[in-house]
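Observations on the three-dimensional arrangement
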Amino acid sequence: MIIEIKSINKTFSDNRPILHNINYCDDLDTLAIIGPSGGGKSTLLRILGGLISPTSGELKVDGQNIEFSENKLILYRRSIGFVFQSKGLFSHLSALENIAMPLINVHGYSKNEAYETTNSLLDRFGLRKDGSKKPNELSGGQQQRIAIARAIAVKPKLLLLDEPTSALDPELTNEVLDMVNELRNDKMSIILITHEMGFAKNACSKVMFLSDGRIIEHDSSANMFSSPKSSELKGFLSKVLEWKI
Amino acid sequence: MIIEIKSINKTFSDNRPILHNINYCDDLDTLAIIGPSGGGKSTLLRILGGLISPTSGELKVDGQNIEFSENKLILYRRSIGFVFQSKGLFSHLSALENIAMPLINVHGYSKNEAYETTNSLLDRFGLRKDGSKKPNELSGGQQQRIAIARAIAVKPKLLLLDEPTSALDPELTNEVLDMVNELRNDKMSIILITHEMGFAKNACSKVMFLSDGRIIEHDSSANMFSSPKSSELKGFLSKVLEWKI
Amino acid sequence: GCNKKEDNALTVGMELAYPPFETKDAQGNPTGISVDFAKSLGEYLGRPVKIENIAWDGLIPALQTGQVDIVISSMTIKEERLEKIDFSKPYAKAMLAVLVNKNSNIKSINDLNQSGKKIAVKLNSTGHIYAQNNLKNAELIVLADESACVTEVVQGKADGFIYDQLTIYRNNQNNLDTTGAIFIPFQDAEYWGAGIQKGNTELKTKVDEFIDKFYSEGGFDKLTEKYLSQEKKTFEDLGFDWFFSLD
Amino acid sequence: MKLLSIFIRQENNKETNLQRAVNIIIACGAFIVFFFWSMKRLNLSFDFSVLLDFKYRLFTGFITTIELSTISLLVSLLIGFLSAMGSKSKILPLSYFCKTYIQFIRGTPMIMQVYLFFYIIGTAWGISSRFIAGVLILSIFEGAYISEIIRGGLDSIDATQLEAAKAVGLDSKQTMRLVIFPQLIARILPALAGQFASIIKDSSLLSIISVIELTQTIREISATNFAIFECYLFLGLLYLSLTFPLSMVTRAVERRFKYDN
Amino acid sequence: MKLLSIFIRQENNKETNLQRAVNIIIACGAFIVFFFWSMKRLNLSFDFSVLLDFKYRLFTGFITTIELSTISLLVSLLIGFLSAMGSKSKILPLSYFCKTYIQFIRGTPMIMQVYLFFYIIGTAWGISSRFIAGVLILSIFEGAYISEIIRGGLDSIDATQLEAAKAVGLDSKQTMRLVIFPQLIARILPALAGQFASIIKDSSLLSIISVIELTQTIREISATNFAIFECYLFLGLLYLSLTFPLSMVTRAVERRFKYDN
Ligand SMILES: Nc1ncnc2c1ncn2[C@@H]1O[C@H](COP(=O)(O)OP(=O)(O)OP(=O)(O)O)[C@@H](O)[C@H]1O
Ligand SMILES: Nc1ncnc2c1ncn2[C@@H]1O[C@H](COP(=O)(O)OP(=O)(O)OP(=O)(O)O)[C@@H](O)[C@H]1O
Ligand SMILES: [Mg+2]
Ligand SMILES: [Mg+2]
């Protein structure tokens, strides 16, 4: 899928610029966005997902210009899947309902179809017996898996994941990463933000390093980790690797 | 410091046993507790910190028996420092007040003394200019550092840390781990729960592996990671290492 | 701008909480002397009568804003009221009396007009107005419910309760061991009139004509017979003037 | 020891049915004993049979109170909802209009509102039915309070929930119906239940425009039989018979809708 | 276009002072115009000078209302706090005693409570001052509502905050004073402010036992001059002059204590 970002800027109401003139164009299957906290990763991903509008700039997906008006965006959003950094599940709905509700109300599935799809997803993710639990009754890893299941239920062309493993213990982290890795086989394009450098390196074909609202470097993951060019990325990687086993 | 745990059991009100007959005795300077989510790590640490009482069993610290009655516990708690897995700061107090309040109200410092101690701690942790911010205005890493500063302000003999780096980005994780590492020089005994295996291995002298409410293995960190004996620990470590860089 | 005029009905405002003049039967339908009186008035005017039950406080505003055409609710013709509304000629008269607490040693109205004495009155009643104008030394306890006024006297929280003779007599009989009653007239008789919107002289003229006619036909005697035969006898025994003996 | 444990809450904060029953009886008993002791000191005795004569009127008044509060409840929910939305509107005159309404109604006593609305506004615009005027006044009054409750509830809904709704492709009406509304209910139900009880009780203030509801009926009766204590005690019981089941029902609904600890 | 922007809220949800002023004036103006238009239709005209004769009584009534509500506010806070704590107590009879009190008071109309308390309990136990009885009744009534507000606030305090208090070695009194209380204030202040306004307004119900506060004064005056509309409009203004500053003050305090969005 070809993603084209043309001089996108983003400023929130406090007038502090968060993204500075972001330009990027690539035909990608898996892209990892890495970078320090507060660098603007989530903001960029939310623009890519049509959840917020850029202050200026253009976004093209597969050559088609995305118009940032609420009516047009609804259709665009329905074509992609989004997994949030945290709390992305509807807290009043059970795991099952969280997946089934958009299928029924947004994508016009019948109840039967929706529950069939949902159940097969729950099976696939090993969560069949937890389907009736509310998010606060699920462990962090289970919540994250449900969120991913919801995002891929309609087989979107593009899947956006914002730190799908933050706040998880190491076992669960790996469980989620394994699952994302599997999804590559489903012919989805995936863009994800991650702090797991091992995952960015081994499971993603491209990596983008975003710091202070600017793209400092982007390249294939092999190149990025073996020969970082900028001093920022070098510093970031050295710090990140200090306490690794 | 000699910690002696004698057949401690813990059951919450739902009568599901969480800790099964925990026995442990060691003279320790740094102990890392590792293990899968829900294994009872936090529960054990909260018993060690005198925050909750075991259902049965005994706890001795430096040969002295800890009585689990509210009055006796208050004194014990004042002698140790505790850093929580999350949200351990008083949300209505500024960073500075969070550190100074216990000094004044619990340890009888004068206001001047308390603020002097607090300021020197803030300096040490590079947070002087953020002292007047409330917890929700601080980034995750800053909150964690304030929590550690509060715990060590009175130079406790024993410092307990519950996943001090969970939910932090890699840079901040390392910042906090560096800080804990420094504290070893202050002659404090440290017990911490961590998911950072690199840190457990390199910075802690002892490691305990807790799973399903039982101590499966404990040993020096060198031995634990180089030659795990139980199948549980082997499985745990292999999973944890899968996506590492 | 009221839509009542259209159906030609005569809307009569009254507070249906003053038996036997204005009250309700067990089914909650208006009944009493004033109700029958109002119906006769309606017949005389050739208009159907519609009774509106309105709390005492709301009677005058209802008349002012045209929500009712006329108020027939044992209302005394008072100067203060005349500033806001007009009255028909009097159709009845009443005397005030006092219910006193047994222990307060009050023999006359003058005993009440002393500092330290407490007088219970019903808000907005004639007794309230009388006490405000004439018993300035005493402390007034103004209450919304008659039953509260009686309770005040029974419990000795108030020394006296000023109200009409009939009510005072009844409550005295009910509480003989705690209360006494003073029936010595201490003021000129009070005349009840029908309240009419200010400036509506057309209606006032007709109502005045009707009252004369009703008296001459002995209408009130019949109503007395129907509702108050017992009370009339008591009044005669006690030597009080009867409500409808206007001269 | 065993016996004493009836009076102590268990560790897990649960209560057995026996504990509940015994302690409710003790608590209610304490109030009743105190009350009758007070009566004894005054040598009062009650004779509730005096109310029997008025059973038909009491029944009618009771029904009127129920009708009045049920309709007002619905209308005030509507008003409260609209004005809560209005006060959050981007169109400032609308927003301030709603805010002024809320501030004004909450800041002045209902008795004043009743007089001004019924005699001036109501008369000027031809609202002649006391019942309809009563419903309107009560709804406008309670609507201001409900509006604040709803506004508070909306404010407490997490922004991430709305973002999630966007992300799965819900439009704004669906978001309202499928996400905001069910989450709102769970949060505001306790406060709303209190307000419903207030509506039932505040309906008694309409007696000053002679809507003959329960309280006005009792006042009229007490003006006839002068049995003030019997009348008002009975009044309290009748109101309790409405408010108590209401609070039981809302507590049950609350338990069903509750989703976070 | 420039001009229109006065009526539209900015993107960041902030309002300029000009926007605020203009829109408040428009909103208030709309209400006033509507009201006077209604008056015009009825050919009513107001003459507030009739109230001048009573300025001394009005002033006294106003002061009484202020005294009554201030004292009741303090006493009801105390009652509310104690009964909120009591209802959470491990000692079940105490807990149910508090719950029964709250349920009973919230479930019955204040007019009944006023009569029963004043004429039976008050008389039996020798509380003869109307003012003191009034303060007690009002405080007991509002205390039940405040109790529910406090209980809700306590329930919403995060358990981790209490664990943190334990961890730094605070004893239970210090925990209350240094942690629970300041966090509670921030949460319950909006609801409490609403309740304070209710106390001021509900104090008018004490007029049924002839505590001569503001509403009773106005009722007595309107019984003398029959200028009912002038009287009640003025009454509304006087109450607003108390409740409006109160809501401004609490909003300011709220902003100071607020620590989480
Ligand atoms: N709604 C908003 N209003 C104002 N500032 C915002 C808003 N959302 C984000 N920001 C700011 O934008 C900057 C970038 O935030 P963003 O969430 O994109 O960072 P990030 O790279 O995802 O960081 P992290 O790794 O911590 O998730 C931060 O400084 C943040 O404070
Ligand atoms: N107050 C409580 N009441 C009931 N069960 C509890 C309570 N606290 C903890 N538990 C249960 O005890 C078990 C162990 O919890 P604990 O927090 O000690 O795990 P942990 O090893 O720290 O896990 P994590 O790595 O996720 O923090 C869990 O299954 C949890 O559900
Ligand atoms: Mg982010
Ligand atoms: Mg834990």
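Remember, predicted model here, so these are calculated numbers, not experimental data. (Residues numbered from 1 in each chain as written. Chains lettered and ligands numbered in written order. Predicted model: local features only at pLDDT ≥ 70, side-chain atom pairs only at ≥ 80, totals over all residues. Heavy atoms only, no water.)

Quick look at the overall build of chain D
Applicable threshold: Helical segments are the DSSP runs of H or I of at least four residues, strand segments are the runs of E of at least two, and each set is numbered from the N terminus. In this treatment the radius of gyration is a C-alpha quantity, and the globule benchmark scales as 2.2 Å times the residue count to the 0.38 power. For every residue, the accessible area obtained with a 1.4 Å probe (protein chains only) is divided by the maximum for its type, and the residue is called buried under 20%, exposed over 50%, and partly exposed between those limits. Values of accessible area rely on a 1.4 Å probe in the Shrake-Rupley scheme; residue burial ignores everything except the protein chains shown. For the charge count, each Lys or Arg is scored as positive and each Asp or Glu as negative, with His and the chain ends excluded. Lys charges are placed at NZ, Arg charges at CZ, Asp charges at CG and Glu charges at CD.
Counting secondary structure elements, chain D contains nine helices and zero strands. Along chain D, helices (α) and strands (β) appear in the sequence α-α-α-α-α-α-α-α-α when read from the amino end. Expected size for 261 residues packed as a compact globule is a radius of gyration near 18 Å; at 23 Å, chain D overshoots this value by more than 25%. On the principal axes, the C-alpha backbone points of chain D span a range of 70 × 65 × 30 Å. Expressed as a percentage of its 261 residues, the buried residues of chain D come to 54%. For chain D, the accessible area works out to roughly 11600 Å², and carbon and sulfur atoms hold 69% of it. Charge centroids of chain D, computed over 24 positive and 17 negative side chains, lie 3 Å from each other.

Re the overall build of chain C
The line we're drawing: Here, two residues are considered to be in contact whenever any of their heavy atoms come within 4.5 Å of each other.
Across its full length, chain C carries 10 helices and 14 strands. At 18 Å, chain C has a C-alpha radius of gyration in line with the 18 Å of a compact globule built from 247 residues. Considering chain C as a whole, with its 247 residues, one finds that 61% of them fall into the buried category. For chain C, long-range pairs separated by at least 24 residues make up 71% of all intrachain contacts whose partners lie at least 6 apart in sequence. When the accessible surface of chain C is split by element, carbon and sulfur atoms take 45% of a total near 9800 Å². The average position of the 27 basic charges and that of the 36 acidic charges among the side chains of chain C differ by 1 Å.

Examining the interface of chain D and chain A
The line we're drawing: Here the quantity called buried area is the accessible surface, traced with a 1.4 Å probe, that two parts lose on coming together, added over both. The rule for a salt bridge is simple: a side-chain nitrogen of Lys or Arg has to be within 4 Å of a carboxyl oxygen of Asp or Glu. Contacts described as polar in this section are N or O atom pairs within 3.5 Å, which, within protein, must combine one atom able to donate a hydrogen with one able to accept it, while residues neighboring in sequence count only if both atoms come from side chains.
On the chain A side, the residues contacting the 21 residues of chain D number 23 residues. Carbon and sulfur atoms supply 55% of the area buried between chain D and chain A, which totals about 1900 Å² over both sides. Summed over the shared surface of chain D and chain A, the result is one salt bridge. Its salt-bridge partner being Glu163 of chain D, residue Arg46 of chain A comes within 2.7 Å of it at the nearest N-O pair. The tally of links between chain D and chain A comes to nine residue pairs in polar contact (both at pLDDT 80 or more). Breaking the side of chain D that touches chain A down by element, the ones donating at least two residues are helix 6 (159-167) and helix 7 (172-202) of chain D. By residue number, the principal contributor to the side of chain D that touches chain A is helix 6 of chain D, which donates seven residues.

Describing the interface of chain D and chain E
The test is simple: Three categories are distinguished: nonpolar for Ala, Val, Leu, Ile, Met, Phe, Trp, Tyr, Cys and Pro, charged for Asp, Glu, Lys and Arg, and polar for the others, with Gly belonging to the last.
Counting from both sides, the interface comprises 72 residues of chain D and, opposite them, 71 residues of chain E. Summed over both sides, the interface between chain D and chain E buries roughly 6100 Å², with carbon and sulfur atoms accounting for 72% of that surface. Where chain D packs against chain E, one counts zero salt bridges. At the boundary of chain D and chain E, one finds 18 residue pairs in polar contact (both at pLDDT 80 or more). At 15 residues, the largest contribution of residues to the side of chain D that touches chain E is made by helix 1 (residues 17-41) of chain D. Residue classes in the side of chain D that touches chain E are distributed as 45 nonpolar, 17 polar and 10 charged.

With respect to the UniProt feature "transmembrane region" (unreviewed entry) in chain D
All names here are of chain D. This is how the line gets drawn: UniProt positions are given in the numbering used here, feature names are shortened, and annotations may be inferred rather than shown by experiment.
On the UniProt side, "transmembrane region" (unreviewed entry) is annotated at positions that read residues 21-39, 59-82, 116-141 and 226-249 here. With 100% helix and 0% strand, the stretch residues 21-39 has end C-alpha atoms that lie 27 Å from each other. Secondary structure within residues 226-249 divides into 92% helix and 0% strand; the distance between the first and last C-alpha atoms comes to 36 Å.

With respect to the site of ligand 1
Residue and element names in this part refer to chain A. Rule in force here: In this text, near means that some heavy atom of the residue lies within 4 Å of the molecule or strand in question.
The environment of ligand 1 is made up of 14 residues, and the closest members are Ser37, Gly38, Lys41, Ser42 and Thr43. Note that an oxygen atom of ligand 1 is positioned 2.8 Å from one of the backbone N or O atoms of Lys41. Thr43 has a polar side-chain atom sitting 2.5 Å from an oxygen atom of ligand 1. In isolation ligand 1 has 640 Å² of accessible area, and contact with the protein removes 68% of it. Here the shell around ligand 1 takes three residues from helix 1 (residues 41-48), the largest share from any one element. Of the residues in the shell around ligand 1, the class split is three nonpolar, eight polar and three charged.

Examining the side chain of Asp86 of chain C
All names here are of chain C. With respect to the helices and strands, Asp86 occurs in strand 6 (residues 85-87). Residue Asp86 is classed as buried on the basis of its relative accessible area of 18%. A distance of 3.4 Å separates a polar atom in the side chain of Asp86 from a polar atom in the side chain of Lys198. Not counting residues up to four positions away in its chain, the partners in contact with Asp86 are Ala194, Gly195, Ile196, Gln197, Lys198 and Gly199.

Focus on the sheet that holds strand 1 (residues 2-11) of chain B
Residue and element names in this part refer to chain B. Applicable threshold: Two strands qualify as a pair provided that DSSP identifies no fewer than 2 bridges between them. Inter-axis angles, ranging from 0 to 180 degrees, are taken between N-to-C directions of lines fitted to C-alpha atoms, where helices are fitted over the stretch in contact.
Taken in spatial order, the four strands of this open sheet run 2-1-4-5, and their pairing is antiparallel. Each edge of the open sheet is held by one strand with a lone partner, namely strand 2 (17-27) and strand 5 (64-65). For strand 4 (residues 56-61) and strand 5, the ladder comprises two bridges, and the chain directions are antiparallel. What sits directly across from Lys60, in strand 5, is Asn65. Contacts from helix 1 (residues 41-48) reach strand 1, strand 2 and strand 4, with the element oriented near 120 degrees to strand 1.

So, the packing of aromatic side chains
All names here are of chain C. Where we set the bar: Stacked, edge-to-face and tilted are the three classes for Phe, Tyr and Trp ring pairs, Trp counted by its six-membered ring, which pair at centre distances within 6.5 Å; planes under 30 degrees apart are stacked, over 60 edge-to-face, the rest tilted.
Going through the model one piece at a time under the given rule, you end up with 52 aromatic pairs over all chains. Aromatic side chains Tyr130 and Phe186 sit 5.1 Å apart centroid to centroid with 50 degrees between the ring planes, which places their arrangement in the tilted category. Of this pair, Tyr130 sits in helix 5 (residues 126-134) while Phe186 sits in the loop between strand 12 (179-182) and strand 13 (190-192); the two residues are 56 residues apart in sequence, bridging distant segments of the chain. Owing to a relative accessible area of 9%, Tyr130 belongs among the buried residues under this scheme.

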